[in-house]
Amino acid sequence: MKLSVCDYPAPTTDNPSRDYSRSDVVLPASRADAVAMDAADPLANVRDQFQLPDDTIYLCGNSLGPLAKRAATRLQDGVQRQWGQDLIRSWNANSWFTLPERLAPRIARLIGAEAREVTVADSTSVNLFKVVAAARSLRQGRTRVVTEAGNFPTDAYVLEGLAELMRDPQPPVLARREQLLESIDDDTAVVVLTHVHYKDSALFDMAELTQHAHRHGALIVWDLSHSVGALPVDLNACDADFALGCTYKYLNGGPGAPAFIYAATRHHAAMQPGLVGWWGHAQPFAFDDTYAAGAGMRRMLTGTGSILGMIALEAALEVFDELDMQVLRAKSLALCDLFSRLVEQKCAGHGLSQASALPLAQRGSHIALRHEAGYAIIQSLIRRNVVGDFRAPDVIRFGLAPLFVRFQDVWDAVDALADVLTSGAWRNSALTQRATVT
Ligand SMILES: *Cc1c(COP(=O)(O)O)cnc(C)c1O
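Right, let's walk through the structure included here. (Residues numbered from 1 in each chain as written. Predicted model: local features only at pLDDT ≥ 70, side-chain atom pairs only at ≥ 80, totals over all residues. Heavy atoms only, no water.)

### Topic: a nonpolar patch on the surface
Taken together, V79, W83, L87 and I88 make up a surface patch of nonpolar side chains, about 420 Å² in accessible area. Exposure remark for L87: the relative accessible area of 46% places this residue in the partly exposed category. (Patch = residues over 30% accessible without salt bridge, like charges linked within 9 Å, V, L, I, M, F, W, Y side chains within 5 Å. Areas by Shrake-Rupley, 256 points an atom, 1.4 Å probe, with all protein chains shown as cover. Salt bridge = Lys/Arg side-chain N within 4 Å of Asp/Glu carboxyl O. Buried < 20%, exposed > 50% of the residue type's maximum accessible area, 1.4 Å probe, protein only.)

### Quick look at helix α1 (residues 31-39)
Listed as buried for α1 are A34, M37 and D38. Taken down its axis, α1 places every buried residue within 100° of arc, on the same side. Turned more than 90 degrees off the buried face of α1, the exposed positions are A32 and A39. Turning to α1, the residues buried within the fold contact α2 (44-47) and α14 (407-423). (Helix = DSSP H or I, 4+ residues; strand = E, 2+ residues; numbered from the N terminus. Arc of directions from axis to C-beta. Contact = heavy atoms within 4.5 Å.)

### Details of the sheet that holds strand β14 (residues 389-391)
The 4 strands are arranged β11-β12-β15-β14 in an open sheet whose pairing can be described as antiparallel. Bordering the open sheet on either side are β11 (353-354) and β14, each of which pairs with just one other strand. Strand direction decides the pairing type here: strand β12 (residues 366-370) and strand β15 (residues 395-399), joined by 5 bridges, are antiparallel. Bridge pairing links I367 to F398 in β15. Against the sheet, helix α13 (residues 374-383) touches β14 and β15, its axis set at about 35° to β15. (Pairing = 2+ DSSP bridges. Axes fitted to C-alpha atoms, helices over the stretch in contact; angles between N-to-C directions.)

Bear in mind that shape data such as this cannot, by itself, settle questions of function.
Following this line, the structure appears as structure tokens:
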């Protein structure tokens, strides 16, 4: 299936960095129009590749992507035949040991990297430790690490732990977005940024910030958790040093799916990830007493990978094989625009506001709104099978994953939101009891 970038009305399709000018866009004016737009959607048959409950509008693909049908089949095979029958022979017979290399080209294509610059292992949090340690091994003598305040907390926690371990004279600098540029100075070893913000969806200009870090002699690490699979990323073109990200969000790898790491080829020979183990050894099956780093991305591995997780992930990544990320981005922007406009039209006067004032072209693929009763509103929506989520203290998020969300889903979700607000259904006290996971 080859798609044309002209299939969506968004003017950004030929140039995603151009301002997303609302006046050029023709969006559905009725539910019937939305249904018609879905019928003409070149990505419509991609939705059929997922198992989605009929009665649910799923707007949490930015947090846990849905189950690809082929992932379910492949996992069955991984469990029953590979594990159940072939048992330990699978390491060779089913190429378990080389799964990280097998997954690399598919991820590399989505992030603008060479396959030899990518591997798959561990969680995003663990990989951040390894990647930042590796970056710091290339900037010895500098101890300043800069990141954004208010980013997804694990990123800051990992940096804090690493700073303590390395006995840095100061903790990592948590800079506010407005002060980020000036916080990067000639003592800075590494800058760690998340490409799309998990809460307000703000998108950093990767090329500009990378250049800025390099001008000060610092290296940069990009966390792609909320951008990979949702919008085009070109690490090589931006001259990025390191990157990493989740695969269970827009890549639909499944709960706890292993994360990925990218390191630019120029860093491979000297980088030292700190957390080393036998899977990263040059010759793991020589069982030497001393460590010798493996070549290239192999040294970023530590111990035995999550095989079933990688089997599911491989199938989930195949869904992207023929897709053009520019087309996905165009649809994502059209979905976000429709959602925002309908919220303006139908939900005004109820205390809702957009979490970001940035134009859509400078945001990712989820819409973030603020409301002081955000948790109860989301619970009320979930009761109606419109699944979004809540991030404390007051943000409600709607992930508009372009692979499977339809224009009619956006239409119906905003109708449900308007109804929850006008009826006051969210005031039901049972909805304010917070579950363990929000
Ligand atoms: C989702 C997310 C993570 C998740 O980390 P895990 O180790 O998988 O729990 C980390 N960083 C960012 C920016 C995220 O959005």
